[in-house]
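Examining the three-dimensional arrangement
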Amino acid sequence: MSLDVELIRKDFPILERKVGDGKALVYLDSAASSQKPRQVIDAMSDYYALHHSNVHRGVHALAEEATALYEGARDKVAAFINAPDRNEVIFTKNSSEALNLVASVLGWAGEPYGLGPGDRVVITQMEHHSNIVPWQLTTQRSGAELAWLKLTDDGRLDLSDLDELINENTKVVAVVHVSNILGTLNPLDVIVRRAHDVGAIVVVDASQSAPHIPLDVQALGADFVAFTGHKMLGPTGIGVLWGRAELLNELPPFLGGGEMVGTVDMEGSTYAPIPHKYEAGTMPIAEAVGLGAAVDYLTALGMANVAEHEHEIVSYALERLQSVEGLRIIGPQTPEAHGAAISFTLEVAGLGEIHPHDVGQVLDEQGIAVRVGQHCARPVCVRYGIPATTRASFSVYTTKAEIDALVEGLEYVKRFFGA
Amino acid sequence: MKLDSMYQEIILDHYRNPHHKGLRDAYGAEVHHINPTCGDEVTLRVHLTDPQRGEDALVRDVSYESAGCSISQASASVMSDLVIGKSVAEALKVGDAFLELMQSKGEAEGDEDVLEDAVAFAGVSKFPARVKCALLSWMAFKDAAAQALATTTKETEQ
């Protein structure tokens, strides 16, 4: 079933607004952060207006209502990703915190999971900095080695040395599901199979896939999956770490504080069972409620329908963008195994490449919002020998007319800077 | 239109035809500065006459290689025009005036007698994300001049 995008757009108040001197907003920056439907805004506002209290702590009516809403959001997320057990869904601040959690506790753990000298962690050259730096920190601290899967010229993972790279010493493989800069959808099945053959734990950064394609953690076969609320129509300040219960039960805690404990004695403490073992302190309750509403919204649309719509938009955008003279796509040129983001550079005759900052600034003047820069993925820019890219990214509310506006906007950019 | 206040024709001219670009062999110090948020980069060399005279030394040449947006490229061109032929002290004073202009949030016009073509960047100060682009080569010059004064022994022929 195809999405009724015009109807969907009516749910997003911000899409009504004008920018600059009265230009209609063309929002093509959903990979940085998506916009929010009225249903999410209302859920959070109703929560604060009617139900707010701290969770898990009181016996009064509001405490019970707030707890039910917070834990209800966990149930919704668990169903959304087909988690076998709701207690495997840990709320975090965002994907970065979820990935730092995993990297940290694997660094601190003892045998058999803990990292140490002689162990290897494998990541890829297309990771977001949030799936690079935590592993640099934890390998530097533990003495483990960090190894990288490289990229092919057409923006995909080079799997030719997969078996040598993921070797018997490999304890962790951390890989992005969909690249935020290249848009590449990675063949995780091949990577998960090899990693599990050598007994490595697989950590997946699903920040750019959870909002766009059906995400089934059981089918994926990974051990940890991280994603963030604000890219999937939900609020900022809430993210998710899904992990296998047996691992979460055995690994050490991350942050210490209230609610993550069993008994606290002056000599030491015991810890709460999962998920609360990993949720220290008062959590972002309203944000969890908002994420629950976002999950309801996406589920009602149907993630298969969302994926179909965005595939159509990406196919159209790739075709239209490639018709722009001087435009070079950075990443896969075809819509197969392609997420909802496209990066490119733009050249104009006689001048050379127009820097993405200039492209973005002149597009902004026309009401078109794109992201410019290195997209927290500098190794990708270095790999392709470019200082930065312009990125257009899409969501459930993106229309073909917006792609047309982008293409017209880019022609204007070229005229603006051309000699 | 707001955009024209940033992309003044004079800025676009310097961007399309940058002055003094390219690295030249005679120099007292070389620095590499980057703007990590957007990937602008500049490698800049400063060549001083009589560096032993301290800040009274003349800026004989500024040469650079750079990659980045129109604002950072044009700013490097305008900066090198402005500082070459001045004493280090005078050049740094112009740099201070430019910094003040860039921090004015669109409120200042800049003194054309001091800043010459650089007053065209007044509009850039309204765009917080772009101020760092305009300042990149100035910061590189300040750094390189200080290093050239500190390491006079590297100075080549007059």
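Quick notes on the rules
Residues numbered from 1 in each chain as written. Chains lettered and ligands numbered in written order. Predicted model: local features only at pLDDT ≥ 70, side-chain atom pairs only at ≥ 80, totals over all residues. Heavy atoms only, no water. Contact = heavy atoms within 4.5 Å. Buried area = accessible area lost by both parts, 1.4 Å probe. Salt bridge = Lys/Arg side-chain N within 4 Å of Asp/Glu carboxyl O. Polar contact = N/O pair within 3.5 Å; in protein donor to acceptor, adjacent residues only side chain to side chain. Helix = DSSP H or I, 4+ residues; strand = E, 2+ residues; numbered from the N terminus. Nonpolar A, V, L, I, M, F, W, Y, C, P; charged D, E, K, R; others polar. UniProt positions renumbered as here; feature names shortened; annotations may be inferred. Buried < 20%, exposed > 50% of the residue type's maximum accessible area, 1.4 Å probe, protein only.

Our next topic: the interface of chain B and chain A. Contacts between the two partners involve 22 residues from chain B, matched on the other side by 18 residues from chain A. When the two sides are added together, the surface that chain B and chain A hide from each other amounts to roughly 1500 Å², 57% of it contributed by carbon and sulfur. It is Leu-3, Tyr-15 and Arg-16 of chain B that lose the most area in chain B upon contact with chain A, and together they represent 34% of the buried surface on that side. Linking chain B with chain A are one salt bridge, by the criterion used here. A salt bridge links Arg-130 of chain B to Asp-358 of chain A; its shortest N-O distance comes to 2.9 Å. For the pair chain B and chain A, the interface holds nine residue pairs in polar contact (both at pLDDT 80 or more). Broken down by secondary-structure element, the contributors of at least two residues to the side of chain B that touches chain A are helix H1 (2-6), helix H2 (9-16), helix H3 (70-83) and helix H6 (128-150) of chain B. When residues of the side of chain B that touches chain A are assigned to their parent elements, the largest contribution, four residues, is made by H1 of chain B. Considered class by class, the residues forming the side of chain B that touches chain A number 13 nonpolar, four polar and five charged.

Turning our eyes to something else, we now look at the UniProt feature "domain: NIF system FeS cluster assembly NifU N-terminal" (unreviewed entry) in chain B. Summarizing the sequence annotation, UniProt attributes the feature "domain: NIF system FeS cluster assembly NifU N-terminal" (unreviewed entry) to residues 6-133 of chain B in the numbering used throughout. Taken end to end, residues 6-133 of chain B is 38% helix and 21% strand, and its first and last C-alpha atoms sit 12 Å apart.

Here the focus is the side chain of Asn-186 of chain A. All names here are of chain A. Note on placement: Asn-186 falls in the loop between strand S7 (170-176) and helix H7 (188-197). Overall, the relative accessible area of 5% leaves Asn-186 in the buried class. Looking at Asn-186, its side chain comes within polar contact range of the main-chain oxygen of Val-176, at 2.8 Å. Not counting residues up to four positions away in its chain, the partners in contact with Asn-186 are Met-126, Leu-157, Val-175, Val-176 and His-177.

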